Amino acid sequence: MSLTALFTDLALRLQSPEFLESARHPEHPTAFTRRRKLPLPSLVALMPSGMRMRMSIQAELDTFFGRLAGKAELLRMVSEQAFAQARAKLSLTAIPSLNDWLVERAEQHGFVPRWRGFRLVAADASTVRFSLRASRIERAATGPDSLWPVSARCRVDAGGLAAWH
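I will try to describe carefully the structure that is included in this document. (Residues numbered from 1 in each chain as written. Predicted model: local features only at pLDDT ≥ 70, side-chain atom pairs only at ≥ 80, totals over all residues. Heavy atoms only, no water.)

Focus: the packing of helix α1 (residues 3-14) against helix α6 (residues 94-108)
For clarity, the cut-off: In this analysis an axis means a line fitted to C-alpha atoms, helices contributing only their contacting stretch, and an angle means the value between N-to-C directions, from 0 to 180 degrees. Only DSSP runs of H or I reaching four residues or more are called helices, and only runs of E reaching two or more are called strands; each is numbered from the N terminus. Put simply, angles under 35 degrees are roughly parallel, angles over 145 are roughly antiparallel, angles from 65 to 115 are roughly perpendicular, and the rest are oblique. Crossing handedness is read from the near helix: turned anticlockwise from the far helix by less than a right angle, it gives a left-handed crossing, and turned clockwise, a right-handed one. We call two residues in contact when some of their heavy atoms are within 4.5 Å. Ten residue types, Ala, Val, Leu, Ile, Met, Phe, Trp, Tyr, Cys and Pro, are classed as nonpolar, four, Asp, Glu, Lys and Arg, as charged, and the remainder, Gly among them, as polar.
One way to put it is that α1 packs onto α6 with a least axis distance of 11 Å and a crossing angle of 150 degrees. Taken together, the axis directions place α1 and α6 in an arrangement best described as roughly antiparallel. The chirality of how α1 crosses α6 is right-handed. Here Leu 6, Asp 9, Leu 10, Arg 13 and Leu 14 of α1 come into contact with α6, specifically with Leu 98, Trp 101, Leu 102, Arg 105 and Ala 106. Each residue belonging to the contact of α1 with α6 can be placed in one class, and the counts come to seven nonpolar, no polar and three charged.

Here we look at helix α4 (residues 57-68)
Here is the rule we go by: By this rule the span expected of a helix is its residue count minus one, scaled by 1.5 Å. Residue exposure (1.4 Å probe, protein chains only): buried if accessible area is under 20% of the type maximum, exposed if over 50%, otherwise partly exposed.
Between its first and last C-alpha, α4 extends 16 Å over 12 residues, near the 16 Å set by a 1.5 Å rise per residue. Counting buried positions over the 12 residues of α4 gives nine, a clear majority of the element. Within α4, burial applies to Gln 58, Ala 59, Glu 60, Leu 61, Asp 62, Thr 63, Phe 64, Phe 65 and Gly 66. Looking one or two residues beyond α4, the residue adopting positive phi is Gly 70, at roughly 75 degrees.

Okay, here's the thing in structure tokens:
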């Protein structure tokens, strides 16, 4: 299998009914069913690649859609609010499960180099702190897409942001 075939499989996976079903947030069972300006495959492609935060979110969106259309200039296809609404309807497990699927396919076809039978992984000891708005604490702390154990402690700062620690 070539690398082109692997990316073709990824594109087909992004458009499959199975991925659509697993990508919907449980609170939004009808999400991504209608044709919108920001369909599920574009949203998923944008999440890991486009939001480097060198610019405003709107500028990042315009740059992404300009490149997607093969144009050198910025292209206003969706608003920042539309992106936020679509992102809220995406399951927290959608991108990690897609990543697992892609890594598994890459390993099956020999794209993951091995050293003495082991897959080499580079990692550091960075600590990541997640912040949430106080209004989102209940949604993030409960349900099947829970990010943190229920026993996690939460602190709300003066700006209304909650931090789990």
